[in-house]
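Structural overview for review
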Amino acid sequence: DVKVTQSSRYLVKRTGEKVFLECVQDMDHENMFWYRQDPGLGLRLIYFSYDVKMKEKGDIPEGYSVSREKKERFSLILESASTNQTSMYLCASSPGGAGGPREQYFGPGTRLTVT
Amino acid sequence: DAKTTQPPSMDCAEGRAANLPCNHSTISGNEYVYWYRQIHSQGPQYIIHGLKNNETNEMASLIITEDRKSSTLILPHATLRDTAVYYCIVRVRTETSGSRLTFGEGTQLTVNP
């Protein structure tokens, strides 16, 4: 079974803090994604990576950065947390290569509260 | 990506088949139909996908109409653990690997004892 793990299920941080969210997958997938999910707004893509050290902006990258130094690990960084970044953060991975969009496997999510 | 329309909610009795419809009338020939679900407070879970032919796996069956304008996800024997929001997504085949997922509002399926 594909396993995607996230470093924390719940996190509370103060405004202005630097926040690191870690995601690890064990299936040797090329692609990794960070989404946030908010009521009424659905799932929104923040960043994705299709290879080590490669990254692409998603729909809402402002206020976030990412790091992918190893294939299995994809980190989301909130440089200076703000209250509007309170959300559920979801990491996903999928196989790469051509041949059509591939299914994505999600971690359990991190519910971040910024106070 | 084509827009999809799903009913906001459905109920199903435990042990019966749950049939979840999805309309995607603007689908184009190179777009796949994907289904995911999300149980409360968990990450989304991939269920099944198809292009033209009906598909079946250990979780569900996917029936796509001949004109591909609609599809139905079938959970053959629903259990209480199948209570979740079910998302139907239509996605274009791309050359790049980083194809994003966009979830709409989905269908809240409630399986009743």
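Structure: above.
Residues numbered from 1 in each chain as written. Chains lettered and ligands numbered in written order. Predicted model: local features only at pLDDT ≥ 70, side-chain atom pairs only at ≥ 80, totals over all residues. Heavy atoms only, no water.

**Re the layout of surface pockets**
- There is about 480 Å³ of room inside the second largest pocket.
- Taken together, 23 residues make up the lining of the second largest pocket; nearest its centre are Q37 and R111 of chain A together with Q38, H40 and Y87 of chain B.
- Looking at the lining of the second largest pocket, the elements with two or more residues in it are β4 (31–38), β9 (87–94) and β11 (110–114) of chain A together with β8 (84–92) of chain B.
- A total of three residues in the lining of the second largest pocket trace back to one element, the largest contributor, which is β8 of chain B.
- When its residues are assigned to classes, the lining of the second largest pocket shows eight nonpolar, 12 polar and three charged. (1 Å grid on protein atoms, 1.4 Å probe; cavity = no way out; pocket = protein on both sides within 12 Å on 5 of 7 lines; lining within 4 Å. Points joined across faces, edges and corners; volume = space filled by probe spheres on them. Helix = DSSP H or I, 4+ residues; strand = E, 2+ residues; numbered from the N terminus. Nonpolar A, V, L, I, M, F, W, Y, C, P; charged D, E, K, R; others polar.)

**Re the sheet that holds strand β6 (residues 61–64) of chain B**
- The sheet built from four strands is open, its strands ordered β2-β7-β6-β5 (chain B) with antiparallel pairing. At either margin of the open sheet sits one strand with a lone partner, and together these are β2 (18–23) and β5 (55–56) of chain B. (Pairing = 2+ DSSP bridges.)

**Looking at the state of the cysteines**
All names here are of chain A.
- Going through the model one piece at a time under the given rule, you end up with two disulfides over all chains.
- Two residues, C23 and C91, share a disulfide whose sulfurs are 1.8 Å apart. Across the S-S bond linking C23 and C91, the dihedral sits near -75°, which makes this disulfide left-handed. With C23 in strand β3 (residues 19–25) and C91 in strand β9, this pair connects stretches of sequence that are 68 residues apart. We note that C23, like C91, is buried. (Disulfide = S-S within 2.5 Å. Buried < 20%, exposed > 50% of the residue type's maximum accessible area, 1.4 Å probe, protein only.)

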